Amino acid sequence: MKLAELLEPAIHYAETGYPVYKTLLGYYENNGRHSLTKFPDSVRTYFIDGRLPRSGELLVQKGLAASFRKLAAGGKDVFYRGELGEQVVRAVQAAGGLLTMEDLAAHRSDWVEPVQTIYRGYTIVEFPPNTQGVALLE
């Protein structure tokens with residue numbers, strides 16, 4: 001499948017919103033509240049009117065939809081060598097990080113053989129070690 005086709009559902013839900021579910025809300029409340037409020041962009045992305053969303057409330061992420069559209073149109077280079085990567089690098093550096101465009105441009109992915117098992121008649125496929133894939137399969 002083409003990247004643009006794969007991103008269509010994510011673009012739709014980011015653009016029109018999706019209901020905040022209990023697990024996500026629990027993450028916000030237990031782990032993310034303090035770290036998210038440190039950065040204005042995070043507040044704009046994950047909060048509604050400057051506050052944590054409520055369970056079942058629609059969370060609309062227009063900025064995420066716009067980023068996905070750019071990826072759909074321009075492919076991975078928009079991130080690793082282009083506009084989206086530059087935005088990430090600026091944000092990381094503004095927060096004291098050391099990420100550079102050269103770091104992004106040097107990134108390489110490894111294609112690996114997945115590990116799999118059968119669970120209740122379904123084939124479950126995961127990444128091999130050094131990931132948590134094996135733990136999920138267990």
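The structure under discussion appears in the preceding block.
Calculation notes
Residues numbered from 1 in each chain as written. Predicted model: local features only at pLDDT ≥ 70, side-chain atom pairs only at ≥ 80, totals over all residues. Heavy atoms only, no water. Helix = DSSP H or I, 4+ residues; strand = E, 2+ residues; numbered from the N terminus. Rg over C-alpha atoms; globule rule 2.2 N^0.38 Å. Buried < 20%, exposed > 50% of the residue type's maximum accessible area, 1.4 Å probe, protein only. Contact = heavy atoms within 4.5 Å. Areas by Shrake-Rupley, 256 points an atom, 1.4 Å probe, with all protein chains shown as cover. Axes fitted to C-alpha atoms, helices over the stretch in contact; angles between N-to-C directions. Parallel < 35°, antiparallel > 145°, perpendicular 65-115°, else oblique. Left-handed = near helix turned anticlockwise from the far one by under 90°. Nonpolar A, V, L, I, M, F, W, Y, C, P; charged D, E, K, R; others polar. Polar contact = N/O pair within 3.5 Å; in protein donor to acceptor, adjacent residues only side chain to side chain.

Peer 1: Report on the overall build of the chain, specifying residues and quantitative values.
Peer 2: Helix and strand counts for the chain come out as 8 helices and 4 strands. Written out in order from the N terminus, the α and β elements of the chain read α-β-α-α-β-α-α-α-α-β-β-α. In summary, the chain has a C-alpha radius of gyration of 18 Å against a globular reference of 14 Å for 138 residues, an excess of more than 25%. Over its C-alpha atoms, taken along the principal directions, the chain stretches across nearly 45 × 40 × 30 Å. Every one of the 138 residues in the chain was classed for burial, and the buried ones make up 21%. In the chain, of all internal contacts separated by at least 6 residues, the share reaching a separation of at least 24 is 40%. Of the accessible surface of the chain, which amounts to about 10,200 Å², a share of 56% is contributed by carbon and sulfur atoms.

Peer 1: A description of the packing of helix 1 (residues 3–16) against helix 4 (residues 62–74) should follow, citing residues and the corresponding values.
Peer 2: Two numbers describe how helix 1 lies on helix 4: the axes approach to 8 Å, and their chain directions differ by 170°. The angle between helix 1 and helix 4 places the two elements in the roughly antiparallel class. Helix 1 and helix 4 meet at a crossing whose hand is left-handed. Here Leu3, Ala4, Leu7, Ala10, Ile11, Ala14 and Glu15 of helix 1 lie close against helix 4, whose contacting residues are Lys62, Leu64, Ala65, Phe68, Arg69, Leu71 and Ala72. When grouped by side-chain class, the residues that make up the contact of helix 1 with helix 4 number 11 nonpolar, no polar and 3 charged.

Peer 1: Describe the side chain of glutamine 61, naming the residues involved and giving the relevant values.
Peer 2: Structurally, glutamine 61 is set in the loop between strand 2 (58–59) and helix 4. Reaching out from glutamine 61, the side chain makes a polar contact with the backbone oxygen of threonine 45 at a distance of 3.2 Å. Sequence-distant contacts of glutamine 61, defined by excluding residues within four places in its chain, comprise Ala14, Tyr18, Thr45 and Tyr46.

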